[in-house]
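The primary structure of each chain is shown beneath.
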Amino acid sequence: MCSMTSLHSWLCPLIRGGKLNQVWSLSTCKPRGWIYLTATRRYTVGKDPSSSTVEFNSQNKKYRSLERSFERRLRAIHQRFSGVPDNTTIQGCNHVYFMEGDGIYRMDTRQGDPEPEEVLCLDSVGKGDWSLQRVRLSPSEQALAATVKTPHREEARCVLVKLGDREPTLDPPKPLLTIDKVFSFEWATDDILFYSSQQNLQCHRVFRLDLTATGTGSTLVYQEQQPDVFVEVSLSRDRRLVLVNCSSKRSSEVWLIDSTKPLMKPTLVQARLPELLYHVEHSHGQLYILANTGPGQEYQVLRAPLSSPAIEHWVPVCSPGPGTAVKDMEVLQDHCVLATRDPLGLLGLQVVPLSQPATTTTLQLPPWACAIETKRAGLTDSGWLEFLLSSPVHPPVLYRYSPREDRLLLQEDTEEHRTPQEYHTTRLEAPSQDGTMVPLTLFHRPMLEELRGAPLLVHVYGAYGIDLNMDFSPDRRLLLEDGWALAYCHVRGGGERGLGWHRQGRMEGKPRGVEDLAACIHRLYDLGVSRPSLTALTARSAGAVLVGALCNLHPHLIRAVTLQAPFLDVLGTMQEPSLPLTLEERGEWGDPMSDPYQRDTIASYCPCHNITLQHYPSMLLTAYIEDNRVPVAGVHKYVERLQEAIHTHLNGHPVSESEPTPSVILDLQPGADHFGPGDFELSLTESARQLAFLHTELRLNQQKTKNRRR
């Protein structure tokens, strides 16, 4: 499997944002008991009670009533969609594995009415509030490996359990072995596991664990010397090759380990070359390579013999059409299937018969679909590709596709979970300052011409070549049903239009992402969608850079902002080499320490260093105390500077209807999880707080009162 999740998965522990590459989804779309963690005391910060920046608790009376109401409504809509399909099951040789309660269970498919058997209990891992990350079965289903982590640690613990056919007992088997600080891992055989170790958000080493050896010892098989390279272990879909992927922001190389000869040294595919990115799959003795060697340095599929894998032997197989971005590559026996996105964002499948690549066909996926997630193949490859389609307002739907039969089957769908026809998905383009057309996706309930009075929530990310997250969100579905319009701005710096889209928005191109965001908002207003007093902007992590820069340049475009784990002090962070991500992320933001031009560029847009004495929108910033990706010190610095600027501006400018006193709230939460709380209750409370904040700051209650009086 070579999905975009895995293509970018080496970035996940490094980037400020994105999504974890997990086999077991930790999405809070489902209130599953096993992700419940012990509630922890909430901390808030408010250094100057007289300023416009306050503790969240000191404004509880302003938001609390609405927060309770949204908690009830969010709980109801999460429950309503609790039965949607997901990727949280694994098909073994004779069992199906799934999660329930506090562990992993399996059912024997050879029995007519099988009883669930617990194979891993999280309580047996050790003290702590553990949650599952990844799960892998050995080739003959003799052993299981899983990584678990707590909310206060970045590094995960790997747990190994012996399986096989055994008599069911009242108690699950005790873990055979645990290994700390494991990021990725794959079985080569039932007795040999390869894994990469993580230290301070970095992975540089790969080990081989041999369960047949005396003392079950681990042997170092790969050591990366470059400090900005991240190392991850993966497995080809046919399970023939264990892949050691070594990637930086601008180059990559892959080493191969034959799973039939796991004690041999890894073999290099192609040594790292500047600006060369590639990823490898295998079928019938051939390597299928997805590399940015196509026109415009975009991805194309190439082939090389397993015995001669270097670049001089790479032969082109197919290239997507102009403007088409590759989102996923799967090699299923004798077919290669590419998931693609066209310039307007429509998803499709390009099916390439490996024996006749010239006969490539294209299958258009439903126009409502905005996100695709392929399912990891089981221990026996059926030849069918399973994947989930969803959108922010449409719950996941499971499809199965057979390349040999050219059949697309809708596996699971119910009337209750479908998005009614009165909801619209409108794909637009906005002309940016330099004339570039920026794609924009709008979800709305009334017709486009009837959205003038609708509240608008604008989403943006625009970093690391990663698409804006458009997976299903019950929270966003709730807003849509309440009459909100939801806009998703696919600005430069992201990956929506391929690698070139990212290159245009990284380093010195970062200001283009800000221009793109402003252009999208202006485009919506020009179409009669909402107005500034009813518009809010939301982003997480690196997306906060664009939001903060926009607020400095165009503060009157929006009324309110919510930011999660916000990266706001770009210049200060990139000038501190002791921080864990500074060296690795110079390929995205630039190197202000050694390049004066790059320093000046960062200083020109850095949100923290461009705050001015002016009106600002209201802001709710949610940060996490132990977040190593986004230091809390940078968030504090931004809030303090913003507080001072707002206070000084208000001294000389009277409050008016067009410029109400902004609320700037820093909600500081415990934990080290950059991606938000894994506990469902905590996540629900956090979402309810954000919705209550938006509802209050946009004065939607007053709006409803005025409408009733009319």
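Conventions and cut-offs
- Residues numbered from 1 in each chain as written.
- Predicted model: local features only at pLDDT ≥ 70, side-chain atom pairs only at ≥ 80, totals over all residues.
- Heavy atoms only, no water.
- UniProt positions renumbered as here; feature names shortened; annotations may be inferred.
- Helix = DSSP H or I, 4+ residues; strand = E, 2+ residues; numbered from the N terminus.
- Buried < 20%, exposed > 50% of the residue type's maximum accessible area, 1.4 Å probe, protein only.
- Areas by Shrake-Rupley, 256 points an atom, 1.4 Å probe, with all protein chains shown as cover.
- Pairing = 2+ DSSP bridges.
- Arc of directions from axis to C-beta.
- Contact = heavy atoms within 4.5 Å.
- Polar contact = N/O pair within 3.5 Å; in protein donor to acceptor, adjacent residues only side chain to side chain.
- Salt bridge = Lys/Arg side-chain N within 4 Å of Asp/Glu carboxyl O.
- Axes fitted to C-alpha atoms, helices over the stretch in contact; angles between N-to-C directions.
- Parallel < 35°, antiparallel > 145°, perpendicular 65-115°, else oblique.
- Left-handed = near helix turned anticlockwise from the far one by under 90°.
- Nonpolar A, V, L, I, M, F, W, Y, C, P; charged D, E, K, R; others polar.

For the protein, the name recorded in an unreviewed UniProt entry is Prolyl endopeptidase, with Coregonus suidteri as its organism. According to the UniProt record, the Function (unreviewed entry) comment for the protein reads "Serine peptidase whose precise substrate specificity remains unclear. Does not cleave peptides after a arginine or lysine residue. Regulates trans-Golgi network morphology and sorting by regulating the membrane binding of the AP-1 complex. May play a role in the regulation of synaptic vesicle exocytosis."

Participant: I'm lost on the overall build of the protein in this one. Help?
Facilitator: When you go through the protein residue by residue, the secondary structure sums to 12 helices and 36 strands. The buried share of the protein, reckoned over its 710 residues, is 60%. Roughly 27,400 Å² of accessible area belongs to the protein as shown, and the carbon and sulfur atoms make up 50% of that amount.

Participant: Is there a simple way to think about the sheet that holds strand S2 (residues 90–91) in this case?
Facilitator: Two strands in a sheet stick together by hydrogen bonds in their backbones, pointing the same way (parallel) or opposite ways (antiparallel). One open sheet accounts for four strands, arranged S2-S3-S4-S5; its pairing is antiparallel. A strand with exactly one partner marks an edge of an open sheet, and here the two such strands are S2 and strand S5 (117–121). As defined by bridge partners, S2 adjoins strand S3 (residues 95–100) across two bridges and the pair is classed as antiparallel. From the neighbouring strand, Gln91 faces S3, where its bridge partner is Val96.

Participant: Could you clarify how one ought to interpret unusual backbone geometry in this entry?
Facilitator: The phi torsion of most residues other than glycine is negative, and most of the peptide bonds are trans. Here the phi dihedral of Glu141 falls at roughly 65°; this positive angle occurs in a residue that is not glycine. Tracing the sequence through the fold places Glu141 in the loop between strand S6 (131–137) and strand S7 (143–149). You can call Glu141 buried: its relative accessible area is 4%. For Leu201, which is not glycine, the phi torsion reads 70° and is therefore positive. Within the fold, Leu201 resides in the loop between strand S10 (192–199) and strand S11 (202–210). A residue is classified by how much of its surface remains accessible, and Leu201, at 1% relative accessible area, is buried.

Participant: Explain helix H9 (residues 596–605) here, please?
Facilitator: Turn by turn, an α-helix covers 3.6 residues, leaving residues three or four places apart pointing in a common direction. Restricting attention to buried positions, one finds in H9 the residues Gln598, Thr601, Ile602 and Tyr605. An end-on view of H9 places all buried positions within 95° of arc, on one side of the element. For H9, the exposed residues lying more than 90 degrees away from the buried face are Pro596 and Asp600. As for H9, its buried residues are in contact with helix H5 (510–526), helix H6 (543–553), helix H7 (570–574) and helix H8 (586–589). One side-chain oxygen at the N-terminal end of H9 lies 3.0 Å from the backbone nitrogen of Tyr597; it belongs to Asp595.

Participant: Honestly, the pattern of salt bridges in this entry has me stumped. Any pointers?
Facilitator: Pairing of side chains with opposite charge becomes possible as their charged atoms draw close. According to the stated counting rule, one finds 35 salt bridges in the structure shown. Put simply, Glu224 and Arg272 hold a salt bridge, and the shortest N to O gap is 3.5 Å. Of the two residues, Glu224 is situated in the loop between strand S12 (218–223) and strand S13 (230–235) and Arg272 in the loop between strand S16 (267–268) and strand S17 (278–283); the sequence distance between them amounts to 48 residues. By relative accessible area, which is 5% here, Glu224 ends up buried.

Participant: Explain the packing of H5 against H6 here, please?
Facilitator: To describe two helices that pack against each other, one gives the angle between their axes and the distance between the axes. Here H5 crosses H6 at 70°, and the two axes come no closer than 9 Å. Put simply, H5 runs roughly perpendicular to H6. Like other packed secondary-structure pairs, H5 and H6 cross with a definite hand, here right-handed. Contacts from Lys510, Gly513, Val514, Leu517, Ala518 and Ile521 of H5 reach H6 at Leu546, Ala549, Leu550 and Leu553. Across the contact of H5 with H6, the residue classes break down as eight nonpolar, one polar and one charged.

Participant: Looking at this structure, I do not really get the sheet that holds strand S19 (residues 300–305). What am I missing?
Facilitator: Read across the sheet, four strands follow the order S17-S18-S19-S20 without closing on themselves; strand pairing throughout is antiparallel. Since the sheet does not close on itself, it has two edges, and those belong to S17 and strand S20 (315–318), each with one partner. Averaged over all adjacent pairs, the angle separating strand axes in this sheet is 35°, with direction ignored. Judged from the three bridges that link them, S19 and S20 form a sheet pairing that is antiparallel. Paired with Leu302 across the bridge in S20 is Pro316.

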